[in-house]
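# Remarks on the overall topology
Given next are the chains, with one letter for each unit.
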Amino acid sequence: MIKNYLTVAFRTFRRNKIFSRVNILGLAIGLAAFWRIALYVGNELSYDNYHVNAKRIFRVAQHLNWDGGKLNLAPTSAPIASALKNDYPEIQETVRFDTEGGGTISNGDQQLQADDIFFPDKTVFKIFSYHFLYGDAATALAKPQSIVLTKTLAKKLFGDPALALNKTVNFGPGNSNNVTGVIDDVPVNSHFTFSALRSLPDNFAGTWDQSYLYTYILLKENANIKKLELKLPSFFEKHLKAVLGKVDYRMELQPLRSIHLHSNLDYEISANGNINYIYILSLIAVLILIIASI
C-alpha cells in the first residue's frame, strides 16, 4: 500500500514538476520557520529550569503604594533576608546578591574590565546549581576576599582555567581576591548571568529603607508556598511599618522559573522577556504550519 502511494506521488511529481516544486519549497520553508520559532519559544520557557531546586526557589519582591506614587521593586533591603528566615520556619535558606561587584580586574600584567560580577552571600551554592570545575562549592565563598570565576573569565585571566585556583586577582590597590573556585559559564537561559562571584561579608548589613539587594529564598521540601504567603502581611507590621510609614505594602514571592517571562518590576536584575510575545509567536508558528501543510 505504501509503495503504491509513493509510486503515485512520484508520477504526479514528474507530470507537474513546477507545481510540485513550489509546493515542496513552500512546505520546507514553512516547516523551517515553524521549528525556528518553536526552538526560540522552547528556550524562553526553559529559563532557570536547570537549577536542581528550581521549584523551591523564589525571589522576594516589594510593591508599595502611597498618595502620589508607587514602586514595584525587584530588589529589597539588606535585613529582609535574615528576618524572613528567622520569622518563617518554611524557609530553609536565603541568599542576597549585590550587583556592584565589578570593575577592572587584573592578574599581573593581564587586565580587563568585568562589570558583571556580583557579591552574594556564601549560601549561594546551597540554593543555586552551578557546576564547579575546580574548587569546593561548600567552602568557595566562606572566607572574606574570595572569588569564584566562570570558565571564560578564568581563561581570559590565566590562559588555562585549571591554573586559576588559589591564585590572586586584584580590583585595585589593597583590594585583592583569592580564587577559590572555577565554574562553568552560567547558561544563557538564566534570568541573570555573571562572570564571577565575590564573597559578601558575613556581617554585611544595611537599613530597612534602602532596597538594592536581590533576595532569594529556598523553601523546605514540604513547605506550602500559599500558606507562607498568607503570613507575609505580618512581616510589614513587625519590621517595616515603623520605617516606611503609611504605605500600602505587599511582599511578593516570585517563582524562579517565572521571573524571565512574567516579571516586569522596577530595577530588574537584568532585562526579561515577555510571555505575551511567546503567545503571539506560538500562534504565528501554528498558523505557518497549517498554511504550509495546506
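The written sequence of each chain sets the order in which its residues are numbered from 1. Owing to the predicted nature of the model, reporting of local features is limited to residues with pLDDT of at least 70; listing and counting of side-chain atom pairs is limited to 80 or more, with chain, interface and lining totals taken over all residues. Note: side-chain values were computed over all heavy atoms of the structure, leaving out hydrogens and water.

## Regarding the pairing of strand S1 (residues 57-66)
Each residue's exposure class comes from its accessible area (1.4 Å probe, protein chains only) as a fraction of the maximum for that residue type: buried when under 20%, exposed when over 50%, partly exposed otherwise. Numbering of helices and strands runs from the N terminus; a helix is a DSSP stretch of H or I covering at least four residues, while a strand is a stretch of E covering at least two. Burial of S1 is extensive: eight of the ten residues sit out of reach of the surface. Whether two strands pair comes down to DSSP finding at least two bridges between them. Here three bridges tie S1 to strand S13 (residues 211-219), and the two strands are oriented antiparallel to one another. Residue Phe58 lies in a different strand from S13, and its bridge partner there is Ile217. Relative to strand S14 (residues 248-255), S1 is paired through eight bridges, and the arrangement is antiparallel. Looking across to S14, one finds that Phe58 is bridged to Pro255.

## Things to note about helix H3 (residues 80-87)
Every buried residue of H3 is accounted for by Ile80, Ala81, Ala83 and Leu84. Projected down its long axis, H3 shows its buried positions confined to an angular sector of 165°, all on one face. Should any heavy atoms of two residues lie within 4.5 Å, those residues are considered in contact. In this structure, the buried residues of H3 make contact with S1, strand S3 (76-77), strand S4 (91-98), S13, helix H7 (233-244) and S14. The arc in question is the one traced by the directions running from the helix axis out to the C-beta atoms.

## Regarding the pattern of salt bridges
Each salt bridge in this description consists of a side-chain nitrogen of Lys or Arg and a carboxyl oxygen of Asp or Glu lying within 4 Å of one another. What the rule picks out here adds up to eight salt bridges. A salt bridge links Glu221 to Arg56; its shortest N-O distance comes to 3.6 Å. In this pair, Glu221 sits in the loop between S13 and helix H6 (225-231) while Arg56 sits in the loop between helix H2 (17-45) and S1, placing the two residues 165 residues apart along the sequence. In this structure, Asp202 engages Lys122 in a salt bridge whose closest nitrogen and oxygen atoms are separated by 3.6 Å. Here the residue Asp202 occupies a position in the loop between strand S12 (196-198) and S13, and Lys122 occupies one in the loop between strand S7 (117-120) and helix H4 (124-127), the gap between them amounting to 80 residues.

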